[in-house]
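Structural features, examined
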Amino acid sequence: MAHSIRFKTSAEKELGAFDGQQSARILREIRKLAANPRPSGCKKLKGRNEYRIRVGIYRVIYEIQDDVLVILVVRVAHRREAYR
């Protein structure tokens with residue numbers, strides 16, 4: 001069964017700040033998480049209940065809520081700012 005994808009309001013704003021081509025590329029990778037929330041290359045962040053995937057120089061940080069089949073996108077940012 002596939003997970004549904006939800007965005008924090010701040011993550012939506014961050015995604016909206018990218019140009020059309022960049023945001024489309026990031027959104028395409030986020031949609032893939034619905035079928036496979038732990039794809040090859042994802043990493044569990046230490047000290048947090050969050051994972052991250054890389055999309056070029058950008059990072060998508062998200063939580064997996066398996067009990068309700070939801071993926072909550074917490075942050076979408078450049079790699080140097082993503083972990084702050």
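One can find the structure itself at the top, above this paragraph.
What this report covers is the structure whose coordinates are included nearby. (Residues numbered from 1 in each chain as written. Predicted model: local features only at pLDDT ≥ 70, side-chain atom pairs only at ≥ 80, totals over all residues. Heavy atoms only, no water.)

Concerning the environment of leucine 69
- Along the chain, the position of leucine 69 falls in the loop between strand 4 (58-65) and strand 5 (70-78).
- With relative accessibility at 25%, the residue leucine 69 sits in the partly exposed group.
- In sequence terms leucine 69 and methionine 1 are 68 residues apart; their C-alpha atoms lie 8.2 Å from each other.
- Beyond its immediate stretch of four places on either side in the chain, leucine 69 contacts Met1, Ala2, His3 and Ser4. (Helix = DSSP H or I, 4+ residues; strand = E, 2+ residues; numbered from the N terminus. Buried < 20%, exposed > 50% of the residue type's maximum accessible area, 1.4 Å probe, protein only. Contact = heavy atoms within 4.5 Å.)

Some thoughts on the pattern of salt bridges
- This structure, assessed with the given rule, holds four salt bridges.
- A salt bridge links glutamate 14 to arginine 75, with the nearest nitrogen and oxygen atoms 2.7 Å apart. Separated by 61 residues along the polypeptide, glutamate 14 in helix 1 (residues 9-16) and arginine 75 in strand 5 bring together distant segments of the chain.
- Put simply, glutamate 29 and lysine 32 hold a salt bridge, and the shortest N to O gap is 3.2 Å. Of this pair, glutamate 29 and lysine 32 both sit in helix 2 (residues 20-32), three residues apart, which is roughly one turn of the helix. (Salt bridge = Lys/Arg side-chain N within 4 Å of Asp/Glu carboxyl O.)

A closer look at the packing of aromatic side chains
- Under the defined criterion, the tally for this structure stands at two aromatic pairs.
- Between phenylalanine 18 and tyrosine 58, the ring centres sit 4.7 Å apart and the planes meet at 70°, which makes this aromatic pair edge-to-face. Pair noted here: phenylalanine 18 is in the loop between helix 1 and helix 2 and tyrosine 58 is in strand 4, with a separation of 40 residues, a long-range link. Across this residue pair, the class does not change: phenylalanine 18 and tyrosine 58 are buried.
- Lying across the ring of tyrosine 51, lysine 44 places its NZ or CZ 5.9 Å from the centre. (Phe/Tyr/Trp six-rings, centres within 6.5 Å; stacked < 30°, edge-to-face > 60°. Lys NZ or Arg CZ within 6 Å of the ring centre and 35° of its normal.)

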